[in-house]
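Given next are the chains, with one letter for each unit.
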Amino acid sequence: MSATIKLENKHFPVLLKEFISIISPLYGGTFIDCTFGQGGYSKKILEKKNNNVIAVDRDIAAYLYAKELKHKYKNRFHFQNIKFSEINKIKLKTNDLKAVIFDLGYSINQIKDLSKGLSFQSKGKLNMQMGLNSFSSHEVIANMKEDNLNKIFKFFGDERCAKRIARKIIEVRKKKIIDTETLTKIVDEVKKFKNYKINNSTKVFQALRIFVNKEISELIDGLINAYQILPVGGIITVVTFHSLEDKIVKFFFKNYSETKNSSRYVPDKEKNVTYFKLHKKKPLTPSIEELKLNPPSRSAKLRYATKIRNHCNFDELKKKFKYLLDIENLEFTK
Ligand SMILES: C[S@@+](CC[C@H](N)C(=O)[O-])C[C@H]1O[C@@H](n2cnc3c(N)ncnc32)[C@H](O)[C@@H]1O
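Residues numbered from 1 in each chain as written. Predicted model: local features only at pLDDT ≥ 70, side-chain atom pairs only at ≥ 80, totals over all residues.

Concerning the environment of isoleucine 32
Turning to its location among the elements, isoleucine 32 is positioned in strand 3 (residues 30–33). For the pair formed by isoleucine 32 and isoleucine 229, sequence separation is 197 residues and the distance between their alpha carbons is 10 Å. (Helix = DSSP H or I, 4+ residues; strand = E, 2+ residues; numbered from the N terminus.)

Written out as structure tokens, the structure reads:
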């Protein structure tokens, strides 16, 4: 879920102050906002007259908010309804790109849109598509083999009861169609004891959302493409919301900003070549004030790095997370 909240119809994007302090030294150029949402970050950047924003979101509903910014900022703002794994296809008219920005996850509007079925509080047919998807969680739950369901819950949700939940799904779907409520009931039955910290179904829903939206390959391709389109001196900033995405972002920045000689995947001529300057090893996290105002922001982590070299071989990144990419590509045959 996103760490953006709605208070009296006002949206509060997570870690906004920290984010602005990172990118403001680069002001006077173009910024790509890969996760436009309700435009919290874009709006703040556009407040400065010599900045331009190209915003991207896979959810067409974001267009409503984009229209407002287009009206106000005219040619300084452009919106595209594409996935951020495709940002390399954006035709940049200038060579003043300063930063590529990711605020991963979901906006509160998406979670509250019950037809999207992203939340376990939704009712009716399973869905979980954020936008521009090729299948829904209904098809996954209705067709996927038990062992593959187990893998999704285990690796994408870190769900301890993955195996038993997968087995129960197979049993129940022989008798009826599994909708959102049935799925939460199945999880409750398997787990028996209520977890008072998080909803019993949180991990299963997270796992299915990651699978349906192909979030692992989206993130890996998005990061690589961000690096490719940025000129040297540009910054990539990423806010993550759960440990799986943070693991990928951390590896991406850290692995390619340290000189080392160890990996067998790296050709000799590329050893000791760093792609980034990492400003901080530890991520930025919300202040106590922000946590008070917006408790869901507690899981947010902001990592960033400056591109220092035009060089590109991300084989190590892909090898490291191949086990997750393989799960994302599992078939759903019975
Ligand atoms: C947490 S919200 C962003 C909130 C935004 N920063 C704001 O201040 O309003 C994340 C947004 O990213 C979008 N998104 C997630 N994955 C995406 C992807 N692979 N490509 C494009 N948009 C994506 C979601 O549809 C959602 O609108």
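Observations regarding the domain arrangement of the protein
Split by domain assignment, the protein resolves into domain 1 (4–109 + 215–313) and domain 2 (134–212). Here the C-alpha centre of domain 2 lies 31 Å away from the C-alpha centre of domain 1. (Domains from an automatic or database assignment.)

Things to note about the packing of helix 6 (residues 146–157) against helix 7 (residues 162–173)
What describes two packed helices is the angle between their axes and the distance between those same axes. Packing of helix 6 against helix 7 leaves a shortest axis separation of 8 Å and a crossing angle of 140°. When the axes of helix 6 and helix 7 are compared, the pair comes out oblique. Taken as a pair, helix 6 and helix 7 cross one another with a handedness that is right-handed. Across the interface between the two elements, Glu146, Leu149, Asn150, Phe153 and Lys154 of helix 6 pack against Ala162, Lys163, Ile165, Ala166, Arg167, Ile169 and Ile170 of helix 7. (Axes fitted to C-alpha atoms, helices over the stretch in contact; angles between N-to-C directions. Parallel < 35°, antiparallel > 145°, perpendicular 65-115°, else oblique. Left-handed = near helix turned anticlockwise from the far one by under 90°. Contact = placed C-beta atoms within 7 Å.)

Re unusual backbone geometry
Not every positive phi belongs to a glycine, and aspartate 158 is a case in point at roughly 55°. The residue aspartate 158 is located in the loop between helix 6 and helix 7 in this model. Among the residues examined, aspartate 158 registers 14 C-beta atoms within 10 Å and is labelled partly exposed. In this structure, lysine 214 takes a positive phi of about 45° despite not being glycine. The topology assignment puts lysine 214 in the loop between helix 9 (202–212) and helix 10 (215–229). Exposure remark for lysine 214: the 18 C-beta atoms within 10 Å place this residue in the partly exposed category. (Buried ≥ 20, exposed ≤ 12 C-beta atoms within 10 Å, placed from the backbone.)

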